[in-house]
Amino acid sequence: MIQSLVIRRPDDWHVHLRDGDMLGDVVNFTARQFARAIIMPNLTPPVTTVDAARAYRSRILEAVDEKLNFKPLMTAYLTDDMDPEEIRRGADEGVFTAAKLYPANATTNSAAGVTDIKNIYPVLMIMAEIGLPLLVHGEVTHSDVDIFDREARFIEDVLALVIKDFPELKIVFEHITTTEAVEFVNSHGANIAATITPHHLEINRNAIFQGGINPHNYCLPIAKREIHRLALRQAATSGSSKFFLGTDTAPHPVAAKESACGCAGIFNAPYALESYAKTFEEEDALDKLEGFASEHGPRFYGLPLNEEKITLERKASKVPEKLTLGETDIIPFHAGTTLNWSLVV
Ligand code: DOR
Ligand code: ZN
């Protein structure tokens, strides 16, 4: 039985680092595990300008332990009236690594998101021209579409159109949760890829209702049926370069999760690699972890691979029931359980 795994240092292609005190509380969990991360722009107010992204990047770099040698990669939050030239300038100046499409009201802090995909066609045209990836929160939001069908409907109603109209555009279908998404990504060219979270590989929708409502397993897109989880596990561990690591770590204080209107999001940064290693081992695919975690992402983004290595050891990681960070309690993913792998630091 393999006792340790040495791989190229991984990157996280989808992270919510928040801002203010929370940023300081959570950033080192990500920086300890990952060399680089794509930083989501859904702050209040959202990161819609080059200046705002530059300022946020400075706050991240100020908050992070510099010994961890972490590089945040910034994204623009697309709105109906986004100026395409702002996107071009942000890319030219090395500030924007990608731009994020939140359909309006699809998730946390998305009220300023896009109400109709056609509204951002001028932006998509520039992005296709300069090769800037579009990161997609792929859910429709109409109240008549069942929450468990929102991703599949988004593929039909929005994504298929975008791909037809912008065949060259690089698209990352973020945090995919369905067989439909896996099939869609597999059936399109090399410019279409997807990230997969640790939690969507581990839980199905039963976990949200196990022994009562369990808000700590609630995230968006919501976990789906078992058949979908199995398809995600197959995709992640297949070795296909179209699928790569993106945790969607999304911390909320415990009080905001355990509330009459609990927030969506799972804080998985503290044991993200240990969780992925669990999945890959269960699928007998530990040899595929390095590609998924450290190679497919940078190749898609056209960035260099990390040269440093990390070691995962077969050693128990006891995940605490809760983490007290500054003034705030946060429940981590896998709380109260033991994982078989530990990241050596
Ligand atoms: O569960 C989620 N939480 N999904 C998202 O899309 C946003 C995120 C957050 O920011 O809390
Ligand atoms: Zn997210």
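Details of the structure are given in the entry above.
Since the model is a prediction, treat every value here as computed from it, not as a measurement. The numbering scheme is per chain: residues are counted from 1 as the chain's sequence reads. Lettering of chains starts at A and numbering of ligands starts at 1, both following the order in which they are written. A pLDDT threshold of at least 70 governs which residues receive local features in this predicted model, and a stricter bar of 80 or more applies before side-chain atom pairs are shown or counted, although totals over entire chains, interfaces and linings include all residues. The side-chain quantities take in all heavy atoms of the structure and omit both hydrogens and water.

## Brief notes about helix α5 (residues 150–165)
Over its 16 residues, α5 extends 22 Å from the first C-alpha to the last, a length consistent with the 22 Å expected when each residue adds 1.5 Å. A maximum bend of about 40 degrees is found in α5 at Glu156. Listed in full, the buried residues belonging to α5 are Arg150, Glu151, Ala152, Phe154, Ile155, Val158, Leu159, Val162 and Ile163. Helix and strand labels come from DSSP, where a helix needs a run of H or I of at least four residues and a strand needs a run of E of at least two; each type is numbered from the N terminus. In a helix, the anticipated span is given by 1.5 Å times the number of residues less one. Fitting axes to the seven residues that end at a residue and to the seven that start at it, the angle between those axes gives the bend at that residue. For every residue, the accessible area obtained with a 1.4 Å probe (protein chains only) is divided by the maximum for its type, and the residue is called buried under 20%, exposed over 50%, and partly exposed between those limits.

## Brief notes about the coordination of the zinc ion (ligand 2)
For the zinc ion (ligand 2), the full set of protein donor atoms is His14 (NE2), His16 (NE2) and Asp248 (OD), at a range of 2.0 to 2.1 Å. In primary sequence terms, the donor set of the zinc ion (ligand 2) follows H-x1-H-x231-D. For His14, a relative accessible area of 1% gives the class buried. By relative accessible area, which is 8% here, His16 ends up buried. With water excluded from the atoms, a metal site may look incomplete; its donors are any N, O or S atoms within 2.8 Å, or within 3.2 Å for Na, K and Ca.

## Quick look at the packing of aromatic side chains
Stacked, tilted and edge-to-face are the three classes applied to pairs of Phe, Tyr and Trp rings, where Trp contributes its six-membered ring and a pair requires centres within 6.5 Å; stacked means planes under 30 degrees apart, edge-to-face means over 60, and tilted covers the rest. For the coordinates displayed, the defined rule picks out 10 aromatic pairs. Between Phe29 and Phe267, the aromatic rings sit 5.7 Å apart at their centres with planes inclined by 90 degrees, giving edge-to-face as the arrangement. Here the residue Phe29 occupies a position in helix α1 (residues 20–33), and Phe267 occupies one in the loop between α9 (254–257) and α10 (272–282), the gap between them amounting to 238 residues. In this structure, Phe29 and Phe267 share a single accessibility class: buried. A centroid spacing of 6.0 Å and a plane angle of 75 degrees characterise the contact between Phe300 and Tyr301, whose relative ring orientation is edge-to-face. Cation placement over rings: the criterion is NZ of Lys or CZ of Arg within 6 Å of the ring centroid and within 35° of the ring normal. It is Arg205 that lies over the ring of Phe148; its NZ or CZ is 4.5 Å from the centre.

## Notes on the sheet that holds strand β13 (residues 338–343)
Reading across from one edge, β1-β10-β13 is the order of the 3 strands in this open sheet, with antiparallel pairing throughout. With partners counted over all chains shown, the strands left at the sheet margins are β1 (4–8) and β13, one partner each. The mean inter-strand angle of the sheet, taken between neighbouring strand axes irrespective of direction, is 35 degrees. We call two strands paired when DSSP finds no fewer than two bridges between them. Taken together, the 5 bridges between strand β10 (residues 309–318) and β13 define a ladder with antiparallel strand orientation. Note that in β13 the partner of Arg314 across the bridge is Trp341. The sheet strands contacting α10 are β10 and β13, and the helix crosses β13 at an angle near 115 degrees. Working convention: axes come from line fits to C-alpha atoms, limited for helices to the stretch in contact. Angles between N-to-C directions cover 0 to 180 degrees. Should any heavy atoms of two residues lie within 4.5 Å, those residues are counted as being in contact.

## Remarks on the site of ligand 1
Whether a residue is near a molecule or strand depends on its heavy atoms: if one lies within 4 Å, it is near. In the vicinity of ligand 1, 13 residues are found, and the nearest of them are Arg18, Asn42, Thr107, Leu220 and His252. Within the side chain of Thr107, a nitrogen or oxygen atom sits 3.0 Å from an oxygen atom of ligand 1. In this structure, Leu220 approaches ligand 1 through a main-chain N or O atom, which is 2.7 Å from a nitrogen atom. When ligand 1 sits alone it has 290 Å² of accessible area, and the protein chains cover 100% of it. Distance and chemistry together define a polar contact, namely a pair of N or O atoms within 3.5 Å, with one atom able to donate a hydrogen and the other to accept it when in protein, and with adjacent residues in sequence counting only for side-chain atoms on both sides. Method for areas: the Shrake-Rupley scheme with a 1.4 Å probe, in which residue coverage is limited to the protein chains shown.

## Description of the nonpolar core
Among the nonpolar cores identified, the biggest contains 78 residues, and Ile87 and Leu124 are the most heavily contacted of them. Filtering out sequence-adjacent residues up to four positions away, Ile87 remains in contact with Ala76, Leu78, Met82, Phe96, Ala99, Val123, Met127 and Leu132. Ile38, Tyr77, Leu135 and Phe300 belong to the second-largest nonpolar core, a separate cluster that totals 13 residues. Residue types Ala, Val, Leu, Ile, Met, Phe, Trp, Tyr and Cys, when buried and joined through side-chain atoms within 4.5 Å, form a set referred to as a nonpolar core.

Geometric values such as these leave the question of function open.
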